[in-house]
Amino acid sequence: MSRVVHVGAAQLGPISADESRADVVERLIALLRDGATIGCDLVVFPELALTTFFPRWYTDSFDGHDHYYEREMPGPQTQPLFDEAARLNVGFCLGYAELTPQGERFNAYLLVDKRGVAVGKYRKVHIPGHDSDEPWRPFQHLERRYFQESPEGFPVFRAFDGIVGMALCNDRRWSETYRVLGLQAAELILIGYNTPLHYAPDPDQNALQGFHNHLVMQAGAYQNGTWIVGVAKGGIEEGVESLSQTAIISPSGQIVAQTITSGDVLVSARCDLDLCSRYKDTLFDFARYRRPEAYRLITERKGAIAPPQRNKQGAS
Ligand code: CDT
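All values reported here derive from a predicted model rather than from experimental measurement. (Residues numbered from 1 in each chain as written. Predicted model: local features only at pLDDT ≥ 70, side-chain atom pairs only at ≥ 80, totals over all residues. Heavy atoms only, no water.)

(A) Just the overall build of the protein chain, in detail. When helices and strands are tallied, the protein chain shows eight helices and 15 strands. Against the globule reference of 20 Å for 316 residues, the protein chain gives a C-alpha radius of gyration of 20 Å, in line with a compact fold. Seen through its C-alpha atoms, the protein chain measures out along the principal axes to roughly 75 × 55 × 40 Å. For the protein chain, the residues scored as buried account for 52% of the 316 residues in total. (Helix = DSSP H or I, 4+ residues; strand = E, 2+ residues; numbered from the N terminus. Rg over C-alpha atoms; globule rule 2.2 N^0.38 Å. Buried < 20%, exposed > 50% of the residue type's maximum accessible area, 1.4 Å probe, protein only.)

Below, the structure written as structure tokens:
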């Protein structure tokens with residue numbers, strides 16, 4: 001019997017700074033119901049799906065941003081989403097800002113099963129941007145101020161009849177993300193993102209945002225024989241335009257579903273997890289072909305170090 005998971009990629013349009021949690025949760029529930037109507041088993045929401053993308057603003061103290069974080073999950077405002085998921089018998093994956101009792105701040109992604117029970121949590125590993133105010137930018141990207149790097153790596157979870165991993169936004173640009181998940185036999189990787197179209201350090205990259213988005217996820221899917229669901233919060237939010245182009249990608253690296261608009265919308269695909277073995281057991285049979293001893297630098301070295309210059313005589 002094949003293991004087909006019907007996955008809905010629930011893209012969000014902009015969330016304004018003054019939009020209430022209750023209103024946002026209503027939007028999420030509407031997408032959850034869209035998924036249930038077409039028979040989805042799992043509906044995947046984007047990164048920081050409960051609030052506007054608040055790292056675009058600097059505040060002197062963290063407290064100024066505290067209202068964007070969740071201290072409990074579910075809490076009183078998010079419980080209706082969990083209740084509706086259980087009623088509809090649909091799982092979901094939700095991105096949110098987490099403030100722990102110890103005062104840690106993580107960019108988190110929670111996997112919830114069809115009973116409305118949390119079955120896995122991921123905390124973002126690669127935190128992009130900067131940590132102090134940089135007024136030369138048209139808007140800030142202060143994730144490094146408002147979130148800490150997770151020390152927990154990339155866990156996988158047995159859920160939805162398969163092996164599920166998660167990643168968030170900037171993680172998707174790093175090949176290590178997919179390989180670490182691939183080495184745990186991940187069959188379905190869920191990735192939420194908020195990607196501004198304008199990249200201040202090198203605006204020549206602006207026009208390539210859509211290309212780079214699909215490039216990295218398609219390569220990650222193919223090279224690890226896994227399904228990937230990349231879900232955007234896109235559109236123009238508080239004056240900043242972010243990429244949409246939510247996509248579901250098969251283990252062949254092909255996009256099988258994609259959004260064509262930038263608002264709240266759900267696209268879906270029936271993901272046959274048994275297709276993964278067509279790649280995992282052939283060209284990418286890790287146990288047979290990988291050479292970890294040849295890749296030692298990947299874990300031993302952080303930044304690139306160029307070899308010594310050769311002198312004019314050719315000796316180094
Ligand atoms: N949310 C997130 O990780 N966004 C980053 C923006 C990088 S530019 C500072 C991304 O990689 O899309």
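(B) How the structure looks around the nonpolar core. In terms of nonpolar packing, the biggest core is built from 45 residues, with Val44, Leu111, Leu188, Leu190 and Val229 touching the most fellow members. Ignoring sequence-local partners within four residues, the contact set of Leu111 consists of Leu42, Phe92, Cys93, Val117, Ala118, Val119, Gly120, Ala159, Phe160, Val164, Met166 and Leu190. Grouped together as the second largest cluster of nonpolar side chains are 25 residues, Val24, Val25, Phe45 and Phe92 included. (Core = buried A, V, L, I, M, F, W, Y, C linked by side-chain atoms within 4.5 Å. Contact = heavy atoms within 4.5 Å.)

(C) Inspection of the packing of helix 1 (residues 21-37) against helix 2 (residues 79-88) at higher detail. At a closest axis distance of 10 Å, the pairing of helix 1 and helix 2 adopts a crossing angle of 10°. One way to sum up the angle between helix 1 and helix 2 is to call them roughly parallel. In this structure, helix 1 contributes Val25, Leu28, Ile29, Leu32, Arg33 and Ala36 to the contact, and helix 2 contributes Pro80, Leu81, Glu84, Ala85, Arg87 and Leu88. Per-class residue counts for the contact of helix 1 with helix 2 are nine nonpolar, no polar and three charged. (Axes fitted to C-alpha atoms, helices over the stretch in contact; angles between N-to-C directions. Parallel < 35°, antiparallel > 145°, perpendicular 65-115°, else oblique. Nonpolar A, V, L, I, M, F, W, Y, C, P; charged D, E, K, R; others polar.)

(D) Structural context of the sheet that holds strand 8 (residues 162-168). Strand order in this open sheet of six strands is 7-8-9-10-13-14, and the pairing throughout is mixed. Because the sheet does not close on itself, it has two edges, and the strands there are strand 7 (156-159) and strand 14 (255-258). If you compare each strand with its neighbour and ignore which way they point, the axes differ by 20° on average. Summarising the sheet, strand 8 and strand 9 (residues 188-193) pair through five bridges and their orientation is parallel. Opposite Val164, over in strand 9, you have Leu188 as the bridge partner. (Pairing = 2+ DSSP bridges.)

(E) Spatial organisation of the pattern of salt bridges. By the definition in use, this model includes 22 salt bridges. When the shortest N-O distance is used, the salt bridge between Glu134 and Arg137 registers 2.9 Å. Overall, the relative accessible area of 15% leaves Arg137 in the buried class. Members of the salt-bridge network, linked through shared partners, are Glu98, Lys121, Arg123 and Glu152. (Salt bridge = Lys/Arg side-chain N within 4 Å of Asp/Glu carboxyl O.)

(F) Highlighting the site of the ligand. The immediate surroundings of the ligand are formed by 14 residues, with Lys124, Cys169, Asn170, Arg173 and Thr195 found nearest. Lys124 is positioned with one of its side-chain polar atoms (N or O) 2.8 Å from an oxygen atom of the ligand. Within the contact set of the ligand, a nitrogen atom lies 3.1 Å away from a backbone nitrogen or oxygen of Asn194. Out of a free accessible area of 360 Å², the ligand has 91% covered by protein chains. (Near = heavy atom within 4 Å. Polar contact = N/O pair within 3.5 Å; in protein donor to acceptor, adjacent residues only side chain to side chain. Areas by Shrake-Rupley, 256 points an atom, 1.4 Å probe, with all protein chains shown as cover.)

(G) Local environment of the packing of helix 4 (residues 175-182) against helix 5 (residues 209-224). At a closest axis distance of 10 Å, the pairing of helix 4 and helix 5 adopts a crossing angle of 30°. Relative to helix 5, the element helix 4 is oriented roughly parallel. The interaxial crossing formed by helix 4 with helix 5 has right-handed handedness. Between helix 4 and helix 5, the residues in contact are Tyr178, Arg179 and Gly182 and Val216, Met217, Gly220, Gln223 and Asn224, respectively. (Left-handed = near helix turned anticlockwise from the far one by under 90°.)

(H) Spatial organisation of helix 2. Every buried residue of helix 2 is accounted for by Leu81, Phe82, Glu84 and Ala85. End-on view of helix 2: buried residues confined to an arc of 165°, all on one side of the axis. Each element contacted by the buried residues of helix 2 is listed here: helix 1, strand 4 (91-99) and strand 5 (105-112). A positive phi of about 65° marks Asn89, the residue just after helix 2. (Arc of directions from axis to C-beta.)

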